[in-house]
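# Structure assessment
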Amino acid sequence: MRTAVRYTQGAALVATGLLAGAFGYGAANVIPTFDAVPLDVRLTFHTTMMKVNEPVMQSAMALAILTTFGLAVAGRGRPRLLALGAGALAAFVLIVTAALVARPSTR
């Protein structure tokens, strides 16, 4: 049984790390690039990027949520609570992201 916990822990670590890396890349590179180009270029690029980016990021978020909640089911004690917290935060990110995508930008 401990082997299953180790695999679940590894999957959760990879999934959440990839998700954090994607958000970090966007914050460090994509947002400053948007600010540096004319508005028409930004809007065209942003619209096209979101069509490609949306299924990838939603899949990464779903994987992070599932693996962290899976770790919470398989774990005990403090690791279970931490995994529950991580899953809840990942779900919160998904909800906030979906709300922001649905709302038109005011920039």
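The structure this text deals with has already been given above.
We now turn to the structure provided with this report. Every value quoted in this text rests on a predicted model; they were computed, and no experiment measured them.

### Brief notes about the overall build of the protein
In terms of regular secondary structure, the protein is built from three helices and zero strands. Along the protein, helices (α) and strands (β) appear in the sequence α-α-α when read from the amino end. The C-alpha radius of gyration computed for the protein amounts to 17 Å, which surpasses the reference 13 Å derived for 107 residues by more than 25%, pointing to a less compact arrangement than a globule. With the C-alpha coordinates aligned to their principal axes, the bounding extent of the protein is approximately 55 × 20 × 20 Å. For the protein, the residues scored as buried account for 21% of the 107 residues in total. Considering only intrachain contacts with a sequence separation of at least 6, the fraction spanning at least 24 residues in the protein is 67%.

### Here we look at the nonpolar core
Of all hydrophobic cores here, the largest spans eight residues; its members are Ala15, Leu19, Met57, Ala60, Met61, Ala64, Ile65 and Ala90. For this core, the elements supplying multiple residues, two or more each, are helix H1 (2-36) and helix H2 (39-74). The dominant element in this core, judged by the number of residues it contributes, is H2, at five residues. Excluding its chain neighbours within four sequence positions, the residues that come into contact with Met61 are Leu19, Phe23, Val93, Leu94 and Thr97. Judged by nonpolar contacts, the second largest core, of six residues, contains Val5, Ala12, Leu71 and Ala74.

### So, H1
Here H1 is 35 residues long and its end C-alpha atoms lie 50 Å apart, about the 51 Å a rise of 1.5 Å per residue gives. Where H1 bends most, the angle comes to about 35 degrees, and this point is Gly26. Burial in H1 covers these residues: Val5, Ala12, Ala15, Leu19, Gly26, Val30 and Phe34. As for H1, its buried residues are in contact with H2.

Reading the values: the criteria
Residues numbered from 1 in each chain as written. Predicted model: local features only at pLDDT ≥ 70, side-chain atom pairs only at ≥ 80, totals over all residues. Heavy atoms only, no water. Helix = DSSP H or I, 4+ residues; strand = E, 2+ residues; numbered from the N terminus. Rg over C-alpha atoms; globule rule 2.2 N^0.38 Å. Buried < 20%, exposed > 50% of the residue type's maximum accessible area, 1.4 Å probe, protein only. Contact = heavy atoms within 4.5 Å. Core = buried A, V, L, I, M, F, W, Y, C linked by side-chain atoms within 4.5 Å. Expected span 1.5 Å × (residues − 1). Bend = angle between axes of the 7 residues up to and from the residue.

Shape is all these values report; function is a separate question.
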